[in-house]
Amino acid sequence: VSQARPDLYAKIAGGGILSEQELQICLLTSLGFSNSDQTILLNVVPQRITNAKRRIGEKLFSDPSARSLEAHLSAI
């Protein structure tokens, strides 16, 4: 991701804004992984993914909607 989409990587990884798990969820979301795929890969419950997406959206885009995170990431 850092080489293929450097602008995206700089936005999500720069500054230590996101926790390790939030960063993983953000990267997986930007790569098109579904919530159910992410729960399997990260071994967490579905609500954890949704809550993390809300936090990521708020931290990076001032938008707490978990549903709009993918659109925000695609726009970078």
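The rules we used
- Residues numbered from 1 in each chain as written.
- Predicted model: local features only at pLDDT ≥ 70, side-chain atom pairs only at ≥ 80, totals over all residues.
- Heavy atoms only, no water.
- Helix = DSSP H or I, 4+ residues; strand = E, 2+ residues; numbered from the N terminus.
- Expected span 1.5 Å × (residues − 1).
- Buried < 20%, exposed > 50% of the residue type's maximum accessible area, 1.4 Å probe, protein only.
- Arc of directions from axis to C-beta.
- Contact = heavy atoms within 4.5 Å.
- Salt bridge = Lys/Arg side-chain N within 4 Å of Asp/Glu carboxyl O.

## Thoughts on helix H4 (residues 46–61)
- For H4, with 16 residues, the first-to-last C-alpha span of 22 Å sits near the 22 Å given by 1.5 Å per residue.
- Turning to H4, its buried residues number three or more, namely Ile49, Ala52, Lys53, Ile56, Gly57, Leu60 and Phe61. Projected down its long axis, H4 shows its buried positions confined to an angular sector of 140°, all on one face.
- Next to the buried residues of H4 lie helix H1 (6–13), helix H2 (20–30), helix H3 (35–42) and helix H5 (69–75).
- Once H4 ends, the next one or two residues include serine 62, with phi positive near 55°.

## Overview of the pattern of salt bridges
- Here the structure, examined in full by the defined rule, presents two salt bridges.
- Note that glutamate 22 and arginine 55 form a salt bridge whose closest N and O atoms lie 2.8 Å from each other. Of this pair, glutamate 22 sits in helix H2 while arginine 55 sits in helix H4, and the two are 33 residues apart along the sequence.
- Given the relative accessible area of 3%, glutamate 22 is considered buried.
- The closest approach of N and O atoms between glutamate 22 and lysine 59, which form a salt bridge, is 2.7 Å. With glutamate 22 in helix H2 and lysine 59 in helix H4, this residue pair connects regions lying 37 residues apart in the sequence.
- Judged by relative accessible area, which is 40%, lysine 59 ranks as partly exposed.
- Connected through shared salt-bridge partners, Glu22, Arg55 and Lys59 make up one network.

Functional significance is not addressed by these values, which are geometric in nature.
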